[in-house]
Amino acid sequence: ALQSEIGGSKSRMMNKSPDFVRYLSHYQDVSQMKSDRLLESCLREANEKAKQDREGKENKYEYKLNFNHAVGAFKDQLIKIVMAEDPLVGKHLMEEMILDMKRKVIPIRLNRDVPRKIHLKKPHFHHKHKSNC
């Protein structure tokens, strides 16, 4: 569509038009802000639900969401939620994602300053491990 409107290739236009580059960078900034806001609202809702579930329990520590897991779950489900044709399907996927975030909580342990062990030997064959498994 873009190529037919300008009568040339998109890459040529990007090289010649600083307005187009500004438009793209603005669009990316806006979409980043929207996804950040959506993530923040999902985290807030999952945290509230986790606190409600733990209200009657007598635990040694308080619990909070595992932030890394929550961001990973959000990242994995975001495209499915946005691209869902039916809004009810998107809503269902969002609720499942929030429930998944709610299940992954970690204790808040005070005064836990355990020093890390220093490994003097280099790990061998670190390049053979698969990172996306």
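The structure displayed is predicted, hence computed values, not measured ones.

## Some remarks on the packing of helix α4 (residues 67-83) against helix α5 (residues 87-103)
Part 1: The contact between α4 and α5 brings their axes to 10 Å, and the two run at 170°. It follows that α4 is roughly antiparallel to α5 by the angle criterion. For the pair α4 and α5, contact is made by His69, Ala70, Ala73, Phe74, Gln77, Lys80 and Ile81 and by Gly90, Leu93, Met94, Met97, Asp100 and Met101, respectively.
Part 2: Taken together, the residues of the contact of α4 with α5 break down into eight nonpolar, three polar and two charged.

## Things to note about the packing of aromatic side chains
Part 1: Counted by the stated rule, this structure contains zero aromatic pairs.
Part 2: The ring of tyrosine 63 carries arginine 54 above its face, with NZ or CZ at 4.2 Å from the centroid.

## Describing the confidence of the model for the protein
Part 1: For the protein, mean pLDDT is 78; residues scoring 70 or higher make up 75% of the total.
Part 2: The spread of mean pLDDT over the elements of the protein runs between helix α1 (residues 2-6), the lowest at 45, and α5, the highest at 91.
Part 3: Taken together, the stretch residues 1-9 has pLDDT below 50 and engages in six contacts with residues farther than four places along the chain or on a different chain.

## Concerning the pattern of salt bridges
Part 1: Within this structure, the stated rule accounts for three salt bridges.
Part 2: With a shortest N-O distance of 3.6 Å, glutamate 45 and lysine 49 are connected by a salt bridge. Taken together, the residues span about one helical turn, with glutamate 45 and lysine 49 both in helix α3 (residues 18-53) at a distance of four residues.
Part 3: Take glutamate 45: its relative accessible area is 35%, and that puts it in the partly exposed class.
Part 4: By relative accessible area, lysine 49 is classed as partly exposed at 29%.

## Description of α5
Part 1: Taking 1.5 Å per residue as the helical rise, α5 with its 17 residues ought to reach 24 Å, and the 25 Å between its terminal C-alpha atoms agrees with that figure.
Part 2: Within the span of α5, buried status applies to Gly90, Leu93, Met94, Met97, Ile98, Met101 and Lys102.

## Structural notes on the nonpolar core
Part 1: By size, the foremost hydrophobic cluster in this structure holds 16 residues, and its most contacted members are Cys42, Leu43, Phe74, Met94, Met97 and Met101.
Part 2: Those elements that place two or more of their residues in this core are α3, α4 and α5.
Part 3: When sequence neighbours within four positions are dropped, the list of residues in contact with methionine 101 reads Cys42, Leu43, Ala46, Leu65, Ala70 and Phe74.

## Focus: the environment of tyrosine 61
Part 1: Along the polypeptide, tyrosine 61 turns up in the loop between α3 and β1 (62-65).
Part 2: Take tyrosine 61: its relative accessible area is 29%, and that puts it in the partly exposed class.
Part 3: Distance from tyrosine 61 to isoleucine 108, taken between C-alpha atoms, is 6.0 Å for residues 47 residues apart in sequence.
Part 4: Not counting residues up to four positions away in its chain, the partners in contact with tyrosine 61 are Pro107, Ile108 and Arg109.

Each value, and the rule that gives it
- Residues numbered from 1 in each chain as written.
- Predicted model: local features only at pLDDT ≥ 70, side-chain atom pairs only at ≥ 80, totals over all residues.
- Heavy atoms only, no water.
- Axes fitted to C-alpha atoms, helices over the stretch in contact; angles between N-to-C directions.
- Helix = DSSP H or I, 4+ residues; strand = E, 2+ residues; numbered from the N terminus.
- Parallel < 35°, antiparallel > 145°, perpendicular 65-115°, else oblique.
- Contact = heavy atoms within 4.5 Å.
- Nonpolar A, V, L, I, M, F, W, Y, C, P; charged D, E, K, R; others polar.
- Phe/Tyr/Trp six-rings, centres within 6.5 Å; stacked < 30°, edge-to-face > 60°.
- Lys NZ or Arg CZ within 6 Å of the ring centre and 35° of its normal.
- pLDDT = per-residue confidence, 0-100.
- Salt bridge = Lys/Arg side-chain N within 4 Å of Asp/Glu carboxyl O.
- Buried < 20%, exposed > 50% of the residue type's maximum accessible area, 1.4 Å probe, protein only.
- Expected span 1.5 Å × (residues − 1).
- Core = buried A, V, L, I, M, F, W, Y, C linked by side-chain atoms within 4.5 Å.

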